[in-house]
Amino acid sequence: MKSSSAASAPRPGPSRSRIRRQLPSSPWLFAAPGLAIVGIFILYPFVSTVINSFTDKRTLIPGEYVGLDNFRELLHDEMFWIGLRNSTLYVVGVVPALVLLPLLLAMLVQKHIPGITFFRSAFYTPVVASVVVVGLIWVWMLDERGLVNAVLEAVGVGKVGFLSDQWLLLLSAMAVTVWKGLGYYMIIYLAALANVPRELHEAASVDGAGAVRRFFTVTVPAVRSTMVLVAALSSVAAFKVFSEVYLMAGPNGGPAGEDTTLVMLVQRVGTGLTGRVGYASAISVVVFVVTVALMLLVLRADRKEDA
């Protein structure tokens, strides 16, 4: 009986100590491909940009260390201040709209009404469309011979220089950014609204609260953290805007370059055979610092409201 029981007994497996010795290295092996991609395509370009910002490097010239000369030059560069102004105005004009309008849109498509599935898809279509295609479509529509001006002329208003006036061009680009981003942030709000207890709205209704009061006393507090997330994401994206303004204003940044943004200035200064890579890197560092500051301001405002 002893021999049969010994034969049927399972063989002893590897000891726990041996397994523990193998475990610490295993996660790094799985993470190595992702870390390599992050290091090659994110960390290395970032470090290289910071280093180049302290040099006079050009496209075909290695360059030498010049200290803070590039940053001092920024203070006297008129185009830099124009780009900073336009990028800041873009944040001011786009972020409030992208925080509020997608929330209202999400509340609308959340309702169970006939045909709402079609509208959900329609609202999300601009998100999956290429920004180049979207920009060109709006350029054709807002051109002096485009659809919008044709309608305005038909009703007796006359043609409007959406793409020739400095401020109208910037506002038109903002409208395109908002229109394209509505569906994306709507999906984020839909996920947040799904977690809002229905009992809160029912209790507010019993207390006599109308739709507007329920929005400010129930919906907004429940999705406030999501609104902070949307504000942070849209702030960074708005400050780094490039495609919409570039497509609508052209490579020169509109009339006399007055609609140039900071990222457009980086592209203009740092590309070409005579591109000033060091100076463009200095502008890129400024863009990075400002975007980090925007995110910290949004998070700080959220913490103050919590307090």
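This text goes with the structure placed above it.
Quick summary incoming for the structure in this document. (Residues numbered from 1 in each chain as written. Predicted model: local features only at pLDDT ≥ 70, side-chain atom pairs only at ≥ 80, totals over all residues. Heavy atoms only, no water.)

Interhelical geometry of helix 5 (residues 78-109) versus helix 9 (residues 166-193) gives an angle of 40° and a closest axis separation of 6 Å. The pairing of helix 5 with helix 9 is recorded here as oblique in orientation. The handedness of the crossing between helix 5 and helix 9 is right-handed. Taken together, the residues of the contact of helix 5 with helix 9 sort by class into 24 nonpolar, five polar and one charged. (Axes fitted to C-alpha atoms, helices over the stretch in contact; angles between N-to-C directions. Helix = DSSP H or I, 4+ residues; strand = E, 2+ residues; numbered from the N terminus. Parallel < 35°, antiparallel > 145°, perpendicular 65-115°, else oblique. Left-handed = near helix turned anticlockwise from the far one by under 90°. Nonpolar A, V, L, I, M, F, W, Y, C, P; charged D, E, K, R; others polar.)

So, about a nonpolar patch on the surface. Among the surface-exposed residues, Phe-46, Val-47, Ile-51, Phe-288, Val-289, Val-292, Leu-296 and Leu-299 lie close enough to one another that they form a single nonpolar patch of about 690 Å² accessible area. Examining the composition of the nonpolar patch, we find that five residues originate from one element, helix 15 (residues 277-306), more than from any other. By secondary structure assignment, the location of Ile-51 is in helix 3 (residues 26-52). (Patch = residues over 30% accessible without salt bridge, like charges linked within 9 Å, V, L, I, M, F, W, Y side chains within 5 Å. Areas by Shrake-Rupley, 256 points an atom, 1.4 Å probe, with all protein chains shown as cover. Salt bridge = Lys/Arg side-chain N within 4 Å of Asp/Glu carboxyl O.)

To continue, consider the side chain of Thr-55. The residue Thr-55 is located in the loop between helix 3 and helix 4 (69-75) in this model. Here Lys-57 takes part through its backbone nitrogen, which lies 3.4 Å from a polar atom of the side chain of Thr-55. Beyond its immediate sequence surroundings of up to four residues, Thr-55 is in contact with Glu-64, Tyr-65, Val-66, Asn-70 and Gly-278. (Polar contact = N/O pair within 3.5 Å; in protein donor to acceptor, adjacent residues only side chain to side chain. Contact = heavy atoms within 4.5 Å.)

Relative to each other, helix 5 and helix 6 (residues 116-128) sit at 155°, their axes nearing to 10 Å. With respect to each other, helix 5 and helix 6 are oriented roughly antiparallel. Counted together, Leu-105, Leu-108 and Val-109 of helix 5 and Ile-116, Arg-120 and Phe-123 of helix 6 form the full contact between these two elements. Residue composition of the contact of helix 5 with helix 6, grouped by class: five nonpolar, no polar and one charged.

A separate point is helix 3. For helix 3, which comprises 27 residues, the first-to-last C-alpha distance of 37 Å matches the rise-based estimate of 39 Å (1.5 Å per residue) to within 8%. Where helix 3 bends most, the angle comes to about 45°, and this point is Ala-32, followed within four residues by the proline Pro-33. (Expected span 1.5 Å × (residues − 1). Bend = angle between axes of the 7 residues up to and from the residue.)

A separate point is the environment of Val-228. Note that Val-228 resides in helix 12 (residues 224-239). Classification of Val-228 by relative accessible area gives buried; the value is 14%. Between the C-alpha atoms of Val-228 and Leu-171, which are 57 residues apart in sequence, the distance is 24 Å. The contact partners of Val-228, leaving out residues within four places of it in the chain, are Val-298, Leu-299 and Asp-302. (Buried < 20%, exposed > 50% of the residue type's maximum accessible area, 1.4 Å probe, protein only.)

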